[in-house]
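Chain by chain, the residues:
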Amino acid sequence: MRTYDNPVIPGFHPDPSVCRVGDDYYLVCSSFEYFPGVPLFHSRDLVHWRQIGNVLDRPGQLDLSDDVPASAGIYAPTIRHHDGLFHVVTTSAGAGGTFLVTAERPEGPWSDPVWIDLPGIDPDLAWDEDGACWVAMAGVSVARIDPRTGRVLEGPLPMWSGTGLRDPEAPHLYRIGDWWYLLLAEGGTAVGHGVSVARARSPRGPWEPAPGNPLVSHRGTGLPIQCTGHGDLVQAADGTWWMVLLGTRPCGWFPEFHVLGRETFLVPVEWADGWPRTGPVQERHPAPAAWAPVEQPPVRDDFADPALAPHWISPRRRPEGCWSLTERPGRLTLTATGDSLDRPGHTFVGRRQQHHDCRAAASLEPGAARAGLSVRLDEAHHYDLEVSGGVAAVIARIGPLRQRVAERPVPADAVTLAVEIRATRDPGKQHGPDTLVFSVGTGEGTVRLAELDGRYLSTEVAAGFTGRVIGMYVTEGRAAFDWFEYAPTTP
């Protein structure tokens, strides 16, 4: 029997939402303070996913100022296909509220936002048999809207708010047979997370909770996957049902730390007595009938394409003047827009860390700039390997503390900056989740500069909803990067 491994989209890809169009599946995730926003994936089997773009890929759609804190921004999008159009509805927390964008093709272009005057987060979209459009919001409430204008036509009306646990959120409405089903996350997005379900004959209710709630939760278990919740249902082309949902993979000594953020998992769903049912989310499950592997991005990006690949992201925005692929063809040239990674407004281009054991490296031509390679969780939690004035240094920013950990002279021409991340396998007391090893390479060889404990770049220390992002930055002058590579390593 063919099996698949969880997570199906590793790394910081939380709050997944999925829809099927024929034999194709499309999935979106939260992006929070990063630009471009709402990563968009395509699959033919629900297991193998390839990022084909970002829904919010221009400043007119997503305008996040320096006042938007880390872990604010784009929350919990929902993707649906109706009447020939793709729809994505989401909330920009701290930067405008809830809005809807549409596209004829998933690759875009996606429309400018249509704003919806509804309070809350985690919006959902569903259409009834009369063609009316309903938006459910965390809390939980539902309203009928005009999706073309965003005007609220009815409501918001109160809905079933779960079994009584905290933070009822991530509502998803489905018309299945003669029933409307409401999928709901509750218990908070940490270790108490779970998914519950109720049903009604109309989006207006009244709602009947499932006798077997929660539908899924790992709270109170010792399973390697934790924080399971925020699910979305999809029926495969062969009639089987599946759920995408978020979870974490904590590591290290008690209370454990998760460093990759909340990731996207897949679990099979069965129906019994008119209710969906599923078991625990395992690291390995029997695979769907379809099986369609996809080609993953190359390990090395030589910056030879005319545009940045869709997995490259930047905090809040990426002004045209701060980066270029044409100034020096075959190189990514970055220009400083801020003098420190400790404050918003800096120039940073990175990608999500997706594996517990991995290595990232970049070839830097620093010139007279101050530039480097950073492993970032937010402005107050990052480790940097920086080159300036002929010296390479490792700098640790942990909360209010900033320390220069190690340094070494380097030549003025190209240097290779690298970080190898090694997960802790047998945690003893005081062991963090992993170790980050920073090294610098020149024509004379490679020198290891520092080894740092990874717990300080974890959600449990830094707080927030995101995961690690590894990237290139410039905080003074202009520097060029010849290539960047990222690959998992064998434990």
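Throughout this document, residue positions are counted from 1 along each chain, in the order its sequence is written. In keeping with the predicted nature of the model, local features appear solely for residues at pLDDT of at least 70, side-chain atom pairs appear and are counted solely at 80 or more, and the whole-chain, interface and lining totals rest on all residues. The side-chain values count all of the structure's non-hydrogen atoms but skip hydrogen atoms and water molecules.

**Description of the overall build of the chain**
Working step 1: Along its length, the chain carries one helix and 39 strands.
Working step 2: Here the C-alpha radius of gyration of the chain, 23 Å, is about what a compact globule of 491 residues would show, namely 23 Å.
Working step 3: On the principal axes, the C-alpha backbone points of the chain span a range of 70 × 50 × 40 Å.
Working step 4: Residue burial in the chain is summarised as follows: out of 491 residues, 60% are buried.
Working step 5: Across the chain, every contact between residues at least 6 apart in sequence was considered, and the portion connecting residues at least 24 apart equals 58%.
Working step 6: Areas reported here follow the Shrake-Rupley algorithm with a probe of radius 1.4 Å; residue values treat only the protein chains shown as occluding. Carbon and sulfur atoms provide 50% of the accessible area of the chain, an area that totals close to 19400 Å².
Working step 7: Residues scored as charged are limited to Lys and Arg (positive) and Asp and Glu (negative), so that His and the chain ends carry no count. Note that the charge is assigned to NZ on lysines, CZ on arginines, CG on aspartates and CD on glutamates. In the chain, 43 side chains carry a positive charge and 60 a negative one; their mean positions are 2 Å apart. We count a stretch as a helix when DSSP gives it H or I for four or more residues in a row; a strand needs E for two or more, and each element gets its number in order from the N terminus. As defined in this context, the radius of gyration uses C-alpha atoms, and a globule is described by 2.2 Å times the residue total to the power 0.38. Note on classification: 1.4 Å probe, protein chains only; a residue is buried when its accessible area is under 20% of the maximum for its type, exposed when over 50%, partly exposed between these limits. Here, two residues are considered to be in contact whenever any of their heavy atoms come within 4.5 Å of each other.

**Observations regarding the sheet that holds strand β8 (residues 85–93)**
Working step 1: If DSSP finds at least two bridges between two strands, the strands pair. If you trace the four strands from one edge of the open sheet to the other, you get β7-β8-β9-β10, paired in antiparallel fashion. For this open sheet the edge positions go to β7 (73–82) and β10 (114–116), each flanked by a neighbour on one side alone. The average undirected angle you get between the axes of adjacent strands in this sheet is 25°.
Working step 2: Sheet topology places strand β9 (residues 97–103) next to β10; three bridges connect them, and they run antiparallel. Looking across to β10, one finds that Phe-99 is bridged to Trp-115. Axes, fitted as lines to C-alpha atoms, cover a helix only where it is in contact. Angles between the N-to-C directions of the axes lie from 0 to 180 degrees.

**Considering the packing of aromatic side chains**
Working step 1: Side-chain rings of Phe, Tyr and Trp (the six-membered ring for Trp) are treated as a pair once their centres are within 6.5 Å; stacked means planes under 30 degrees apart, edge-to-face means over 60, and tilted covers the remaining angles. The final tally for this structure, using the stated rule, is 14 aromatic pairs.
Working step 2: Ring pairs connect the aromatic residues Phe-12, Phe-32, Tyr-34, Tyr-75 and Phe-465, which therefore count as one cluster.
Working step 3: Put simply, a charge is over a ring when the Lys NZ or the Arg CZ is close to the ring centre, within 6 Å, and near the line of the ring normal, within 35 degrees. Across the ring face of Trp-483, the terminal group of Arg-300 is positioned such that the distance to the ring centre comes to 3.7 Å.

**Topic: the environment of Ser-92**
Working step 1: Positionally, Ser-92 belongs in strand β8.
Working step 2: Ser-92 gets classed as buried once you look at its relative accessible area, which sits at 3%.
Working step 3: Taking the C-alpha atoms as reference points, Ser-92 and Glu-33, 59 residues apart in sequence, are found 9.2 Å from one another.
Working step 4: If sequence neighbours within four positions are ignored, Ser-92 has contacts with Leu-62, Leu-64, Gly-73, Ile-74, Gly-97 and Phe-99.

**What about unusual backbone geometry?**
Working step 1: Note the cis peptide between Asn-6 and Pro-7, where omega equals 0°.
Working step 2: In this structure, Pro-7 sits in the loop between β1 (3–5) and β2 (17–21).
Working step 3: With omega at 5°, the peptide bond leading from Gly-108 into Pro-109 counts as cis.
Working step 4: Inspection of the secondary structure assignment puts Pro-109 in the loop between β9 and β10.
Working step 5: A positive phi is found at Ala-170, a non-glycine position, where the angle reads about 55°.

**Here we look at the pattern of salt bridges**
Working step 1: Throughout this description, the term salt bridge denotes a Lys or Arg side-chain nitrogen within 4 Å of a carboxyl oxygen of Asp or Glu. Evaluated as defined, the whole model comprises 35 salt bridges.
Working step 2: Arg-199 is the partner of Glu-208 in a salt bridge, and the nearest nitrogen-oxygen pair spans 3.3 Å.
Working step 3: Take Glu-208: its relative accessible area is 33%, and that puts it in the partly exposed class.
Working step 4: Arg-199 gets classed as buried once you look at its relative accessible area, which sits at 12%.
Working step 5: In this structure, Arg-455 and Asp-453 form a salt bridge, with 2.8 Å as the shortest nitrogen-oxygen distance.
Working step 6: Overlapping salt bridges, with partners in common, bring together Glu-33, Arg-316, Arg-376 and Glu-379 in one network.

**Overview of the sheet that holds strand β22 (residues 263–272)**
Working step 1: Here we have four strands laid out as an open sheet, ordered β20-β21-β22-β23, and antiparallel in their pairing. Only two strands of the sheet have a single neighbouring strand rather than two, namely β20 (226–235) and β23 (275–277). When strand polarity is set aside, the average angle formed by the axes of neighbouring strands in this sheet is 35°.
Working step 2: Alignment of β20 against strand β21 (residues 241–248), held across six bridges, turns out to be antiparallel. If you follow Gln-226 over to β21, its bridge partner there is Thr-248.

Read these as geometric descriptors, not functional statements.
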